[in-house]
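Report on the structure
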Amino acid sequence: MSRREERKEAFKLLFSSTFGINNFSDDVSKFTKEIFTGVNENILIIDDLIKKNIRNWKFERISRIAKSAMRMGIYEVIKEEIPAPVAINEAVEMAKIFGSEEEANYVQAVLTSVANSYKEYIKQNNFIVK
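Below you will find a few notes about this structure. (Residues numbered from 1 in each chain as written. Predicted model: local features only at pLDDT ≥ 70, side-chain atom pairs only at ≥ 80, totals over all residues. Heavy atoms only, no water.)

As for the environment of Arg7
- Looking at where Arg7 falls in the secondary structure, it is placed in helix 1 (residues 3-17).
- Judged by its relative accessible area of 5%, Arg7 falls in the buried class.
- Taking the C-alpha atoms as reference points, Arg7 and Ile43, 36 residues apart in sequence, are found 17 Å from one another.
- Those residues in contact with Arg7, other than ones at most four positions away along the chain, are Phe31, Ile35, Met72, Glu76, Ile82, Glu90 and Met94. (Helix = DSSP H or I, 4+ residues; strand = E, 2+ residues; numbered from the N terminus. Buried < 20%, exposed > 50% of the residue type's maximum accessible area, 1.4 Å probe, protein only. Contact = heavy atoms within 4.5 Å.)

Below, the structure written as C-alpha cells:
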C-alpha cells in the first residue's frame, strides 16, 4: 500500500471519529496508525493551531472534511518527519478527494500559515509533540 493510500485510510478514520465513530482496528498499517494516534494525542495543540491560523471564520464552522485534512496535515508538519510542503500537499489532496476544490484551497491556506508559525507557538507553550 502506498503512503497516499495509507493517508486515505488515516483520513477516513479521522473523519469517522468526528462523528464519534471509532473504526480503528489493529489491521491498519503502522503509518496509518501513527497518523491516527498522533493526531489524537496532539489534538489540543493541533486544534489550537487551526484556531490561531484561520481568518474570518469560526472553528466550529469548518467542515469535517477540511478539519480532518487539516488535522492530519498539521500533525505531519509538526512531527517534522517529512518536509512541510509535502505534508501540506498530501492534506490538500485528501480535501480534494473527499471534499471540494474550495475546501482544498482553504486547507492549503491554513496549513501554509501553520507551517510558517508552529515552531514559535510550540516553543512559547513548551509543547512536546508526541
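So much for the structure itself; the text now carries on.
Things to note about the side chain of Ser68
- Topologically, Ser68 is positioned in helix 4 (residues 64-79).
- The contacts of Ser68, once residues within four sequence positions are left out, are Phe11, Leu14, Phe15 and Thr18.

Things to note about the packing of aromatic side chains
- Tallied over the entire structure, the rule returns three aromatic pairs.
- Residues Phe11 and Phe15 carry aromatic rings whose centres are separated by 6.2 Å and whose planes lie at 5° to one another, so their mutual orientation is stacked. Of this pair, Phe11 and Phe15 both sit in helix 1, four residues apart, which is roughly one turn of the helix.
- The partly exposed category is assigned to Phe15, whose relative accessible area is 25%.
- The interplanar angle of 75° and the centroid separation of 5.3 Å between the aromatic rings of Phe15 and Phe19 together place this pair among those described as edge-to-face.
- We classify Phe19 as partly exposed; its relative accessible area is 46%. (Phe/Tyr/Trp six-rings, centres within 6.5 Å; stacked < 30°, edge-to-face > 60°.)

Brief notes about the pattern of salt bridges
- Overall, the coordinates contain 10 salt bridges when judged by the stated rule.
- Between Glu9 and Lys12 there is a salt bridge, with the nearest N and O atoms lying 3.5 Å from each other. Of this pair, Glu9 and Lys12 are both found in helix 1, three residues apart, which corresponds to roughly one turn of the helix.
- A relative accessible area of 40% means that Lys12 is categorised as partly exposed.
- Put simply, Arg4, Arg7, Glu76 and Glu90 are held in one network by salt bridges that share partners. (Salt bridge = Lys/Arg side-chain N within 4 Å of Asp/Glu carboxyl O.)

Brief notes about the nonpolar core
- If you look at the biggest cluster of nonpolar residues, it comprises 38 residues, and the most contacted ones within it are Leu49, Ile50, Met70, Ile74, Ile78 and Val107.
- At the level of elements, helix 1, helix 2 (30-41), helix 3 (43-53), helix 4, helix 5 (84-98) and helix 6 (101-124) are the ones that each hand at least two residues to this core.
- Top contributing element to this core by residue count: helix 4, with nine residues.
- Ignoring sequence-local partners within four residues, the contact set of Leu49 consists of Ile74, Ile78, Val114, Tyr118 and Tyr121. (Core = buried A, V, L, I, M, F, W, Y, C linked by side-chain atoms within 4.5 Å.)

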